[in-house]
Amino acid sequence: MLRRVSSDEGGAAGRQHGTDAGREPLVVMSGVDKHYGALHVLKGIELTVGRGEVLVVIGPSGSGKSTLCRTINRLEGVDGGRITIDGKELPAEGKALAGLRADVGMVFQSFNLFAHKTVLENVTLGPTQVRKVKKADADRRAMELLERVGVGHQAQKYPAQLSGGQQQRVAIARALAMDPKIMLFDEPTSALDPEMINEVLDVMTDLARSGMTMVVVTHEMGFARRAADRVVFMADGEIVEQADPETFFTKPSSARAQDFLSKLLTH
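Residues numbered from 1 in each chain as written. Predicted model: local features only at pLDDT ≥ 70, side-chain atom pairs only at ≥ 80, totals over all residues. Heavy atoms only, no water.

Looking at an unreviewed UniProt entry, one finds the protein named ABC-type polar-amino-acid transporter, with Pseudokineococcus lusitanus as its source organism. Per UniProt, the protein has the following entry under Subcellular location (unreviewed entry): "Cell membrane". (UniProt positions renumbered as here; feature names shortened; annotations may be inferred.)

Dropping the structure here:
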């Protein structure tokens, strides 16, 4: 059962960060700033992701979407503000950071699989090395996950022997093998051929329906409409607006989002 926040706490969180009513906060970003040299890529980000929520982040290229995603597990450091996961502030480095990253699954544009290890070995590496799970238990869990994402029959192959869509599904299974509290997806289909995109999105949709907390940066508007609890629209390093998918796609409130969506519909 979710912890119920007090009316003052919940109201403040809802007003400032856009949390879904009734959801326990899992990730809280408060006043987060990030620069690349003179470029201000995240500008005072205020955002909360509720436990079990599927948050889809969309916007034009260069809006800061991927940077926002990557700050959640400190793949990108921040210059200001505060990020907490499950009530704990992100550590800067060391064992504490490694421990936190073990709770945050990440799926990248490129699959980042170890080429010299089999599919099964890729999935069991984290649990055996980081979680200290026994090999037999890790193997069994890995096979369950590989079957779940539809590539169980490929377990003894190497990544180069798989299609891009299959490799990305292995990458999802690898992240799930750590039993993360949240899954981050940074443009997970952008490197795939068109015919492979749906097989990955179908796995992600099933994962969303299972109750996994997810932050998904994507250009796939169909997925956003189908799977998101909330859509966050970014432009120029800022969160311009956020709403449930039906409201956002039919009645966007900002001129910037209206322009973005009109271009998608006319191309």
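**Q** Is there a simple way to think about the side chain of Asn 122 in this case?
**A** Here Asn 122 is to be found in helix α4 (residues 119-129). Looking at Asn 122, the relative accessible area reads 1%, which means it is buried. Separated by 2.7 Å, the side chain of Asn 122 and the backbone nitrogen of Phe 114 make a polar contact. Not counting residues up to four positions away in its chain, the partners in contact with Asn 122 are Leu 113, Phe 114, Lys 117, Pro 159 and Arg 174. (Helix = DSSP H or I, 4+ residues; strand = E, 2+ residues; numbered from the N terminus. Buried < 20%, exposed > 50% of the residue type's maximum accessible area, 1.4 Å probe, protein only. Polar contact = N/O pair within 3.5 Å; in protein donor to acceptor, adjacent residues only side chain to side chain. Contact = heavy atoms within 4.5 Å.)

**Q** Could you clarify how one ought to interpret the packing of helix α5 (residues 135-148) against helix α6 (residues 164-176) in this entry?
**A** Running from N to C, α5 and α6 cross one another at 140°; their axes reach a closest spacing of 9 Å. For the element pair α5 / α6, the angle class is oblique. Where α5 crosses over α6, the handedness of that crossing is right-handed. Along its contact with α5, which presents Arg 141, Leu 145, Leu 146 and Arg 148, the element α6 presents Val 170, Ala 173 and Leu 176. Split by residue class, the contact of α5 with α6 holds five nonpolar, no polar and two charged. (Axes fitted to C-alpha atoms, helices over the stretch in contact; angles between N-to-C directions. Parallel < 35°, antiparallel > 145°, perpendicular 65-115°, else oblique. Left-handed = near helix turned anticlockwise from the far one by under 90°. Nonpolar A, V, L, I, M, F, W, Y, C, P; charged D, E, K, R; others polar.)

**Q** Which parts of the structure should I look at to understand the sheet that holds strand β3 (residues 54-58)?
**A** One key point about sheets: their strands pair by backbone hydrogen bonds, in either a parallel or an antiparallel sense. An order of β6-β7-β8-β3-β9-β10 is seen for the six strands of this open sheet, with the pairing classed as mixed. Both edges of this open sheet fall to β6 (104-107) and β10 (238-243), since each of them pairs with a single strand only. For this sheet, the mean angle separating the axes of adjacent strands, direction not counted, is 20°. In this structure, β3 lies alongside strand β8 (residues 213-217), joined through four bridges in parallel fashion. (Pairing = 2+ DSSP bridges.)

**Q** Got a minute to help me understand α5 in this structure?
**A** Since there are 3.6 residues in each turn of an α-helix, residues three or four apart along the chain are aligned in direction. Across its 14 residues, α5 extends 20 Å between first and last C-alpha, which sits within 8% of the 20 Å expected from 1.5 Å per residue. By the burial criterion, the buried members of α5 are Ala 138, Asp 139, Ala 142, Leu 145 and Leu 146. Each buried residue of α5 lies within a common arc of 130° when the element is viewed along its axis, so the set occupies one face. Exposed residues on α5 whose side chains face more than 90 degrees from its buried face are Ala 136 and Glu 147. On its buried side, α5 packs onto α4 and α6. Just beyond α5, the residue with positive phi is Gly 150, at close to 85°. (Expected span 1.5 Å × (residues − 1). Arc of directions from axis to C-beta.)

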